[in-house]
Amino acid sequence: RNNEVFRFLDFDNTEIGDAGVEQLCDMLRVNTTVHSLDLQGCNISQAGFKNLVMALQVRGTQLQQVFMNRNNLAPASAEDARILCSHYPGLYFHAGKANIPEKDRRVAEQAVDQMIRANIKRRAQEDKEKRAQEEKEETEESEEEKSEEEESEEEESA
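Residues numbered from 1 in each chain as written. Predicted model: local features only at pLDDT ≥ 70, side-chain atom pairs only at ≥ 80, totals over all residues. Heavy atoms only, no water.

Chemist: In this structure, what is going on with the nonpolar core? I would like to understand it.
Modeler: Grouped together as the largest cluster of nonpolar side chains are 26 residues, with contacts concentrated most on Leu37, Phe49, Leu52, Met68 and Phe93. Elements that contribute at least two residues to this core include exactly α1 (17-28), α2 (46-58) and α3 (77-87). Per element, the largest residue contribution to this core is five residues, and it comes from α2. Setting aside residues up to four positions removed in sequence, Leu37 forms contacts with Leu9, Leu24, Leu28, Leu52, Leu56, Leu63, Gln65, Val66 and Phe67. (Core = buried A, V, L, I, M, F, W, Y, C linked by side-chain atoms within 4.5 Å. Buried < 20%, exposed > 50% of the residue type's maximum accessible area, 1.4 Å probe, protein only. Helix = DSSP H or I, 4+ residues; strand = E, 2+ residues; numbered from the N terminus. Contact = heavy atoms within 4.5 Å.)

Okay, here's the thing in structure tokens:
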């Protein structure tokens with residue numbers, strides 16, 4: 001059920017694990033008011049994070065930020081983070097130190113950096129398209145007004 005009270009869910013250091021995430025996913029599939037999820041230090045694995053991402057895609061929420069620091073995410077979780085961020089433009093996603101081995105952390109950080117750059121590029125393209133659409137609409141309105149003025153002038157001279 002959609003509960004207006006649940007906007008910020010803070011599970012910081014509760015170690016709910018993947019089983020707790022599964023229960024959270026059930027709630028998120030029906031609740032669209034959640035703005036922020038704090039799942040830092042919850043002992044969540046890549047599989048749990050993947051389930052979370054899938055649940056958040058099923059039904060749109062007002063999600064604005066997700067904190068996943070200090071979990072057991074693997075480098076492959078960067079792809080799930082990319083999917084999540086593409087589904088929620090403007091989402092602040094923070095994985096920080098997610099217990100990824102140092103050699104893999106660089107790869108994951110590069111993937112997240114690429115995801116951020118892609119998000120910025122996509123937003124710039126959307127803004128450009130929006131401005132072009134607005135200019136087109138303004139031009140059409142201006143031409144319509146000009147046409148109406150010409151018709152009015154023709155009627156007055158006739």
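Right, picking up where we left off after that structure.
Chemist: What am I meant to see in the sheet that holds strand β4 (residues 92-94) here?
Modeler: In a beta sheet, neighbouring strands are held together by backbone hydrogen bonds and run either parallel or antiparallel to one another. In spatial order, the strands read β1-β2-β3-β4; together these four strands make up an open sheet with parallel pairing. Across the chains shown, the open sheet's two edge strands, defined by having one partner strand only, are β1 (8-10) and β4. On average, each strand axis in the sheet is inclined to that of its neighbour by 5°, with strand direction left out of account. In terms of strand pairing, β1 meets strand β2 (residues 36-38) through three bridges, oriented parallel. Its bridge partner being in β2, Leu9 is matched across the sheet by Leu37. (Pairing = 2+ DSSP bridges. Axes fitted to C-alpha atoms, helices over the stretch in contact; angles between N-to-C directions.)

Chemist: Quick question: what am I supposed to make of the packing of α2 against α3 here?
Modeler: Packed helix pairs are characterised by how far apart their axes lie and by the angle those axes make with each other. Contact pair α2 / α3: the axes reach a minimum separation of 10 Å and the direction vectors enclose 15°. Taken together, the axes of α2 and α3 lie roughly parallel to each other. As α2 runs across α3, the sense of the crossing is left-handed. Two secondary-structure elements touch here, α2 through Gln46, Phe49, Lys50, Val53, Leu56 and Gln57 and α3 through Ser77, Asp80, Ala81, Ile83, Leu84 and His87. The residue makeup of the contact of α2 with α3, split by class, is six nonpolar, four polar and two charged. (Parallel < 35°, antiparallel > 145°, perpendicular 65-115°, else oblique. Left-handed = near helix turned anticlockwise from the far one by under 90°. Nonpolar A, V, L, I, M, F, W, Y, C, P; charged D, E, K, R; others polar.)

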